[in-house]
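Results of the structural survey
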Amino acid sequence: MQLDVFNSVDRADAIDVLRPCLDIQRWVENIADARPFNSVDTLLSFAGETAEPFTADEVAAAMAHHPRIGERPKEQTTEAAMSRSEQAGVDPGDDGIAAALAAGNKEYEAVFDRVFLIRAAGRTAPEILASLQERLGHTPEEEDVIVAGQLREIALLRLAGVISADAVNEGAKA
């Protein structure tokens, strides 16, 4: 969706566009209510600021929508499509990595009582696995901060993929 269209749709439609990026009610409402944005950069900056900090309840609610790393969601939703794209670097056919991620996910969930969350976009499966193994040594408090940060990164990447620059406004800046 182009930025000028996003700026002009009604509030409910703007929220519907934002929700697959990050399903935190306060976040989507704050962004929808702050429109219009004069550039995608301004939108992303505001989205990052309004994502700081997330409450524990907001993180828990948002985490309910994230699949385990290495498990591709089968739903045909916008959020599921985004997740499949983000996990493109994790080859489900690589039995060694798949088994290591499955074991790591199970251990992480036993320690932290939630799925392991990482911004997978741009990372290879070995990088993701190394991060998972490293993070198993963290305290719950350390992990809370990291998970909130990963949610922010994922949300901003998704938002940047959903909202494109308005050709008229961007051309005027050149």
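Values in this document were obtained by computation on a predicted structure and should not be read as measured data. (Residues numbered from 1 in each chain as written. Predicted model: local features only at pLDDT ≥ 70, side-chain atom pairs only at ≥ 80, totals over all residues. Heavy atoms only, no water.)

**Examining helix α3 (residues 25-34)**
The condition that has to hold: Exposure is judged per residue with a 1.4 Å probe applied to protein chains only, and the accessible area is read against the type maximum: over 50% gives exposed, under 20% gives buried, and values in between give partly exposed. Secondary structure counts use DSSP, requiring at least four H or I residues in a row for a helix and at least two E residues in a row for a strand, with both numbered from the N terminus. Note that the arc is defined by the directions from the helix axis to the C-beta atoms. It only takes one pair of heavy atoms within 4.5 Å for two residues to be counted as in contact.
For α3, the full list of buried residues reads W27, V28, I31 and A32. One face of α3 carries all of its buried residues, which in axial projection span an arc of 120 degrees. The inward-facing, buried residues of α3 abut α1 (3-8), α2 (11-18), α4 (40-50) and α9 (140-162).

**Points about the environment of A34**
You can see A34 is positioned in helix α3. Its relative accessible area of 30% is what places A34 among the partly exposed residues. Along the chain, A34 and A47 lie 13 residues apart, while their C-alpha atoms are 9.8 Å from each other.

**Overview of the packing of α3 against α4**
What counts is decided by this rule: With axes taken as lines fitted to C-alpha atoms, and helix axes fitted only over the stretch in contact, angles between N-to-C directions fall between 0 and 180 degrees. For any pair of crossing helices, the crossing counts as left-handed if the nearer helix is rotated counterclockwise from the farther one by less than a right angle, and right-handed if it is rotated clockwise. Charged means Asp, Glu, Lys or Arg here, nonpolar means Ala, Val, Leu, Ile, Met, Phe, Trp, Tyr, Cys or Pro, and polar covers whatever is left, Gly included.
Direction vectors running N to C along α3 and α4 enclose 145 degrees, while the axes themselves pass 10 Å from each other. Judged by the sense of rotation from one axis to the other, the crossing of α3 with α4 is right-handed. Seen from α3, the contacting residues are R26, W27, N30, I31 and A34; seen from α4, they are L43, F46, A47 and T50. Per-class residue counts for the contact of α3 with α4 are six nonpolar, two polar and one charged.

**Examining the nonpolar core**
Nonpolar side chains tend toward joint burial in soluble globular proteins. Keep this limit in mind: The set of buried Ala, Val, Leu, Ile, Met, Phe, Trp, Tyr and Cys residues whose side-chain atoms join them within 4.5 Å is what this entry labels a nonpolar core.
Counting 46 residues, the largest nonpolar core has F6, W27, F54 and I163 as its most contacted members. Only α1, α2, α3, α4, α5 (56-63), α7 (95-112), α8 (125-135) and α9 provide two or more residues apiece to this core. Of the residues forming this core, the biggest block, seven residues, is contributed by α9.

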